[in-house]
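Take a look at the letters that make up each chain.
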Amino acid sequence: MAAEVEKKPVLEMVQADGADDGCVTFVMHNEDHTLGNSLRYMIMKNPDVEFCGYTITHPSESKINFRIQTRGGIPAVEPLRKGLSDLHDVCQHVLNTFQARVTEFKDGQEKPME
């Protein structure tokens, strides 16, 4: 029988005892500045977010502590979901635009120059 390997969750939610849902730290495993900075930017565009920031505990660890604090009793999970969705949409737009331009370039290369 093979030993089962315990999988770490990709996302953990850390909340102080008695704290409201509007002030939460999310621990994202196997992530770095690439996701941290771009996601922080997208979340800070939300007017319901009072604070959003992240830290990397140590350069040799591949996890980030991502802190969100909201206004008006809105749960911190909502801006996180919206930020991830918005970031996905932006990345999809960049990918689609890039692929269209590559196709356009390749089509232009096949035509003889005048």
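All values reported here derive from a predicted model rather than from experimental measurement. (Residues numbered from 1 in each chain as written. Predicted model: local features only at pLDDT ≥ 70, side-chain atom pairs only at ≥ 80, totals over all residues. Heavy atoms only, no water.)

Draft legend 1. Main features of the packing of aromatic side chains. The tally for this structure, following the rule as stated, stands at one aromatic pair. Taking 6.4 Å as the distance between ring centres and 15° as the angle between the ring planes, the aromatic pair formed by Tyr-54 and Phe-66 counts as stacked. Of this pair, Tyr-54 sits in strand E3 (residues 49-56) while Phe-66 sits in strand E4 (residues 63-70), and the two are twelve residues apart along the sequence. (Phe/Tyr/Trp six-rings, centres within 6.5 Å; stacked < 30°, edge-to-face > 60°. Helix = DSSP H or I, 4+ residues; strand = E, 2+ residues; numbered from the N terminus.)

Draft legend 2. Structural view of the pairing of strand E2 (residues 23-29). A large share of E2 lies buried, amounting to seven of its seven residues. The two faces of E2 match: Cys-23, Thr-25, Val-27 and His-29 on one face and Val-24, Phe-26 and Met-28 on the other face are all buried. Sheet topology places strand E1 (residues 11-14) next to E2; four bridges connect them, and they run antiparallel. Across the sheet, the residue bridging to Leu-11 is Met-28, located in E2. Here E2 runs beside E4; their pairing, made up of seven bridges, is antiparallel. Across the sheet, Val-24 pairs through a bridge with Ile-68, a residue of E4. (Buried < 20%, exposed > 50% of the residue type's maximum accessible area, 1.4 Å probe, protein only. Pairing = 2+ DSSP bridges.)

Draft legend 3. Layout of the pattern of salt bridges. If you walk through the whole model with that rule in mind, you get two salt bridges. Across the pair Lys-82 and Asp-86 runs a salt bridge whose closest N-O atoms are separated by 2.9 Å. Separated by four residues within a single helix, Lys-82 and Asp-86 lie in helix H2 (residues 77-110), roughly one turn from each other. In this structure, Glu-104 engages Arg-101 in a salt bridge whose closest nitrogen and oxygen atoms are separated by 3.6 Å. (Salt bridge = Lys/Arg side-chain N within 4 Å of Asp/Glu carboxyl O.)

Draft legend 4. Spatial organisation of H2. For H2, spanning 34 residues, the distance from its first C-alpha to its last is 50 Å, which sits close to the expected 50 Å at 1.5 Å a residue. Buried within H2 we find Pro-79, Leu-80, Gly-83 and Leu-87. Each element contacted by the buried residues of H2 is listed here: E1, E2, helix H1 (33-44), E3 and E4. (Expected span 1.5 Å × (residues − 1). Contact = heavy atoms within 4.5 Å.)

Draft legend 5. How the structure looks around the nonpolar core. In terms of nonpolar packing, the biggest core is built from 16 residues, with Phe-26, Met-28, Leu-39, Ile-43, Phe-66, Ile-68 and Leu-80 touching the most fellow members. At the level of secondary structure, the elements contributing two or more residues to this core comprise E2, H1, E3, E4 and H2. Setting aside chain neighbours within four positions, we find Met-28 in contact with Val-10, Leu-11, Leu-35, Leu-39, Ser-62, Lys-63, Ile-64, Phe-66 and Leu-80. (Core = buried A, V, L, I, M, F, W, Y, C linked by side-chain atoms within 4.5 Å.)

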